Amino acid sequence: MTKELKGWLLLLLLAGIWGSSFILMKRGMHTNEGESIFTDAQVGALRMTIAGLVLLPYSILHFRKIKSLKQLIFLAIVGFFGNFFPAFLFTYAETGISSGFTGMLNSFTPIFTVIIGFAVFKVKLSTFQIIGVAIGTIGIYLLMDAGKTISLNGSWLHIFAVVIATLCYAVSLNTIKHTLQNFSSVEITSLAFMLVLPTALLALFQFGTIDTIQNNPHAMEGLGYIAILSIFGTALAVILFNRIISVTSALFASSVTYFIPIVAVLIGYYFNEFISWTQVLAMGIILIGVFFVNFASQIWSKKEAQNNNTEEKQ
């Protein structure tokens, strides 16, 4: 199997897992009938704690791979920016906006990935990537503007929570690609979660999660959804994500956001969530921008390389 084919298969699998994670977050907070179970902060704490405990044996096994303080810092950046902060930001966002709309907003990730790569890691931008960022920015504005008027009971804060989460993802993506190439995907994931686990455990008790488990009659139902989210949507998915980065590139990996919104919207529609055509149009504009940022640039580069080779032969 070629690296390209392997990358695409992993990407589609990851899109299915992450696309369904938004509704799992919501089901961890509320029953189908709308009764409250866990708060958004409790869901975030449980998600990080369960995933961290599942990966702990791997963390212990691979801990000796850390050779310097710099590597420890980079792994901590991946742990907190790629997992911990987004876990709380996404669940907070879903207290005010639909899971389908949250999945749409997740499309910002590739745009921020390019910007962070350029600003921090001095990655050169092609003309197509600059055009893509411009188009994506227009789509981002339209999507946020559409969402603020028709979200369930949310505000700009709920929308910005997702935007900040995608910015965190972009920081983590670039950190993995440019500083942790000597680590495998399992090593990065397990060690990053080991570093956030103490904070996650502290949050678990700080937010009264144990009391909710003991006293809420629907706690086991919610905990079941969160366990699925933690094991498959977090621990396994992050391993897949980091594997995609190692096989392809940070930019290609961030392209999972082409498919996450589709999965999230379809699942949200199944659960009777409302999505407007304006939102769909805005998401389409963002994805056009992502296409220019990623694939159009790559296609043009390959054509130029082929033309140069042809000229050299002549």
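Everything here concerns the structure above.
Read on for a plain summary of the structure. (Residues numbered from 1 in each chain as written. Predicted model: local features only at pLDDT ≥ 70, side-chain atom pairs only at ≥ 80, totals over all residues. Heavy atoms only, no water.)

This next bit is on the overall build of the chain. Each helix and strand counted, the chain has 14 helices and zero strands in total. Ordered by position in the sequence, the α and β elements of the chain form the string α-α-α-α-α-α-α-α-α-α-α-α-α-α. Looking at the 314 residues of the chain, the share that counts as buried comes to 52%. Contacts spanning at least 24 positions in sequence make up 88% of the contacts within the chain whose residues lie at least 6 apart. Carbon together with sulfur atoms contributes 68% to the accessible area of the chain, which is approximately 14,600 Å² in total. (Helix = DSSP H or I, 4+ residues; strand = E, 2+ residues; numbered from the N terminus. Buried < 20%, exposed > 50% of the residue type's maximum accessible area, 1.4 Å probe, protein only. Contact = heavy atoms within 4.5 Å. Areas by Shrake-Rupley, 256 points an atom, 1.4 Å probe, with all protein chains shown as cover.)

In terms of nonpolar packing, the biggest core is built from 86 residues, with L14, W18, L105, F108, L143, F241 and V256 touching the most fellow members. No other element matches helix α11 (residues 219–247), which puts eleven residues into this core. Those residues in contact with L105 that sit more than four places away from it in its chain are I97, L143, M144, I159, V162 and T166. (Core = buried A, V, L, I, M, F, W, Y, C linked by side-chain atoms within 4.5 Å.)

What follows deals with a nonpolar patch on the surface. A cluster of nonpolar side chains, namely V54, I228, I231, F232 and L236, defines an oily patch on the protein surface of about 390 Å² accessible area. If you tally residues by element for the nonpolar patch, the top one is α11, at four residues. For I231, the location among the structural elements is in helix α11. According to the relative accessible area criterion, I231 is partly exposed, its value standing at 33%. (Patch = residues over 30% accessible without salt bridge, like charges linked within 9 Å, V, L, I, M, F, W, Y side chains within 5 Å. Salt bridge = Lys/Arg side-chain N within 4 Å of Asp/Glu carboxyl O.)

Their axes nearest at 8 Å, the elements helix α2 (residues 21–29) and α11 cross at an angle of 150 degrees. One element, α2, and the other, α11, form an angle in the roughly antiparallel class. In this structure, the crossing between α2 and α11 has a hand that is left-handed. The residues of α11 that touch α2, namely those facing S21, L24, M25, R27 and G28, are G222, Y225, I226, I228 and L229. Split into classes, the residues belonging to the contact of α2 with α11 amount to six nonpolar, three polar and one charged. (Axes fitted to C-alpha atoms, helices over the stretch in contact; angles between N-to-C directions. Parallel < 35°, antiparallel > 145°, perpendicular 65-115°, else oblique. Left-handed = near helix turned anticlockwise from the far one by under 90°. Nonpolar A, V, L, I, M, F, W, Y, C, P; charged D, E, K, R; others polar.)

Our focus in this paragraph is the packing of aromatic side chains. A complete count under the given rule lists ten aromatic pairs for this structure. Each member of the aromatic cluster is reached from another via a ring pair, and the members are F80, F81, F84, F85, F88 and F207. Residue placement shows K65 over the ring face of F183; its charged tip is 4.9 Å from the ring centre. (Phe/Tyr/Trp six-rings, centres within 6.5 Å; stacked < 30°, edge-to-face > 60°. Lys NZ or Arg CZ within 6 Å of the ring centre and 35° of its normal.)

Okay, the packing of helix α4 (residues 69–93) against helix α9 (residues 185–206) next. One can describe the packing of α4 onto α9 by two numbers: an axis separation of 8 Å at closest approach and a directional angle of 55 degrees. The angle between the axes of α4 and α9 places the two elements in the oblique class. In this structure, the crossing between α4 and α9 has a hand that is right-handed. Judged by residue contacts, L72, L75, A76, V78, G79, F80, N83, F84 and F88 of α4 engage I188, L191, A192, F193, L195, V196, T199, A200 and A203 from α9.

Our focus in this paragraph is the pattern of salt bridges. On inspection of all chains with the given rule, the structure shows two salt bridges. The residue K26 makes a salt bridge to E94 at a minimum N-O spacing of 3.8 Å. Of the two residues, K26 sits in helix α2 while E94 sits in the loop between α4 and α5 (99–105), which places them 68 residues apart along the sequence. Grouping residues by exposure puts K26 and E94 together as buried.

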